[in-house]
Amino acid sequence: MYKIGLAEDDPKIALLIKSGLEENGYQVNTYPDGQSALNAFQSESFQLLILDVMMPKISGIAICQQLREQQNHTPILMLTALGTIDDKVNGLAMGADDYLVKPFHFRELLARIEALLRRQNLSGNIKQSNSQLQFEDLVLDIQSKEVKRAGTLIELTAKEFHLLELFLRNPNRLLSRQYIAEQVWEVSFDTGTNVVDVYINFLRNKIEKGFGRKLIHTKIGMGYILK
């Protein structure tokens, strides 16, 4: 599970972001001012930081600058109500990796976070090449569309392949049913259907049955995780 540090002094916005990200499988620690955020970011390990620019005690840009001067290369996403080109350039010049102007749609925030994490290749024991994704003895070839486990070829439908690719790109991360539905079926999640659970079972039968070790695990009421 990826750990995200969120520095945001508006409690409503902080709660909204924290709740949304936790529903999508992230662990989120929140900090209401720049000093407490900087102290935590210097002493704890995070996979990504979200910094509001305008905060009490220390600004998000100052935090970003200090972390970069200390050779902390954790991806940083800046949030701000300031949307001018100069504001964005200033934040990026201090070492931020991305910039999102308030108000924003949560789906865009989530997409930017995922893009930053992919860029960092923070993927545990997954191995990636230009054409393959591998987790333990399970290999997916993006170009040939072949899937093998322990050298055995596994036939998957297009949706099963897309579903497995999603898991392989997010190992050790809890994926909610809503997130899976949006990514694989490109639709909002309908609580009245069990299509996600059905396809998870299809995929499990093909990549786990006869191979001994279980890879896709269920977190009851939360979603699924590849580990």
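Each remark here, short or long, concerns the structure printed above.
So, here is what we can say about the structure in this document.

What follows is about unusual backbone geometry. Between Lys102 and the following residue, Pro103, the backbone shows a cis peptide bond with an omega angle of -5°. Residues other than glycine seldom take positive phi values, yet Ala150 does so here, at roughly 50°. Ala150 sits in the exposed class, given a relative accessible area of 54%.

A few words on the pairing of strand β3 (residues 48-52). Counting buried positions along β3 yields five of five residues, so the element is predominantly enclosed. Residues Leu48, Ile50 and Asp52 line one face of β3 and the alternating positions Leu49 and Leu51 line the opposite face, and both faces are buried. Looking at chain direction, strand β1 (residues 3-7) and β3 are connected through four bridges and run parallel. Within β3, the position partnered with Leu6 by the bridge is Ile50. As paired elements, β3 and strand β4 (residues 76-80) share four bridges and run parallel to each other. Its bridge partner being in β4, Ile50 is matched across the sheet by Leu77. After leaving β3, the chain enters helix α3 (residues 60-69) and then returns to the sheet as β4, a path that is right-handed.

Parameters at a glance
- Residues numbered from 1 in each chain as written.
- Predicted model: local features only at pLDDT ≥ 70, side-chain atom pairs only at ≥ 80, totals over all residues.
- Heavy atoms only, no water.
- Buried < 20%, exposed > 50% of the residue type's maximum accessible area, 1.4 Å probe, protein only.
- Helix = DSSP H or I, 4+ residues; strand = E, 2+ residues; numbered from the N terminus.
- Pairing = 2+ DSSP bridges.
- Right-handed = clockwise from strand over helix to strand, strands pointing away.

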